[in-house]
Amino acid sequence: QPAIPLNHPPRAPDRVIFDRAVLGMNADEISRYWVDQKIRGGGSPPRTVDSVGLLLRVVARLPGALGYVREGFTAPDVRVITVDGKMPNDPGYALIG
């Protein structure tokens, strides 16, 4: 089933950390990337969700939805996935900002 990525608002602390750790870009670089994609007929940016609580509710109820939150902010009805086979509390986990 297709993935439906969800994002935090630009310049939100969790988004800044995610963008730097995962994408290797800052907010301005990401904005330019999505403008370029739109001009070239590429994909659309992930939808922005304004709060962690709403993001968790959407991920829990919408098949294919995925997002990111800080460790400890998950909910019982949301599954945490591994990155390179590691969970957030494993040594060497790649997404610790």
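Use the structure listed above.
The rules we used
Residues numbered from 1 in each chain as written. Predicted model: local features only at pLDDT ≥ 70, side-chain atom pairs only at ≥ 80, totals over all residues. Heavy atoms only, no water. Helix = DSSP H or I, 4+ residues; strand = E, 2+ residues; numbered from the N terminus. Buried < 20%, exposed > 50% of the residue type's maximum accessible area, 1.4 Å probe, protein only. Polar contact = N/O pair within 3.5 Å; in protein donor to acceptor, adjacent residues only side chain to side chain. Contact = heavy atoms within 4.5 Å. Salt bridge = Lys/Arg side-chain N within 4 Å of Asp/Glu carboxyl O. Core = buried A, V, L, I, M, F, W, Y, C linked by side-chain atoms within 4.5 Å. Pairing = 2+ DSSP bridges.

**Section: the environment of Val-83**
Step number 1: Its place among the elements puts Val-83 in the segment after β3 (65-66).
Step number 2: For Val-83, a relative accessible area of 22% corresponds to the partly exposed category.
Step number 3: Here the alpha-carbon distance between Val-83 and Ser-44, two residues 39 residues apart in the chain, equals 24 Å.

**A short note on the side chain of Asn-7**
Step number 1: Along the chain, the position of Asn-7 falls in strand β1 (residues 4-7).
Step number 2: Side-chain polar atoms of Asn-7 contact the side chain of Tyr-68, separated by 2.3 Å.
Step number 3: Those residues in contact with Asn-7, other than ones at most four positions away along the chain, are Arg-15, Pro-46, Arg-47, Thr-48, Val-49 and Tyr-68.

**A word on the pattern of salt bridges**
Step number 1: What the rule picks out here adds up to four salt bridges.
Step number 2: Here Arg-11 and Asp-28 are joined by a salt bridge, their closest N and O atoms 3.2 Å apart. Placement of the pair is Arg-11 in the loop between β1 and α1 (13-23) and Asp-28 in helix α2 (residues 27-39), with a sequence separation of 17 residues.
Step number 3: Looking at Arg-11, the relative accessible area reads 56%, which means it is exposed.

**Some points on the nonpolar core**
Side chains of nonpolar character tend, in soluble globular proteins, to be buried together.
Step number 1: Formed by Leu-6, Val-49, Leu-55, Leu-56, Val-59, Ala-65, Ala-75 and Val-78, the largest nonpolar core amounts to eight residues.
Step number 2: Ranked by residues supplied to this core, first place goes to helix α3 (residues 52-61) with three residues.
Step number 3: Ignoring anything within four residues of it in the chain, the contact list for Val-78 reads Leu-56, Val-59 and Ala-60.

**Quick notes on the sheet that holds β1**
Step number 1: Taken together, the three strands give an open sheet; going across it, the order is β2-β1-β3, and neighbouring strands pair in parallel fashion. Pairing within the sheet leaves two strands with one partner each, and these edge strands are β2 (47-48) and β3.
Step number 2: In the sheet, β1 pairs with β3 via two bridges, with the strands oriented parallel. Counted as the bridge partner of Ile-4 is Ala-65 from β3.

**Overview of the pairing of β1**
Step number 1: Bridge count between β1 and β2: two bridges; the pairing is parallel. Its bridge partner lying in β2, Leu-6 is registered against Arg-47.

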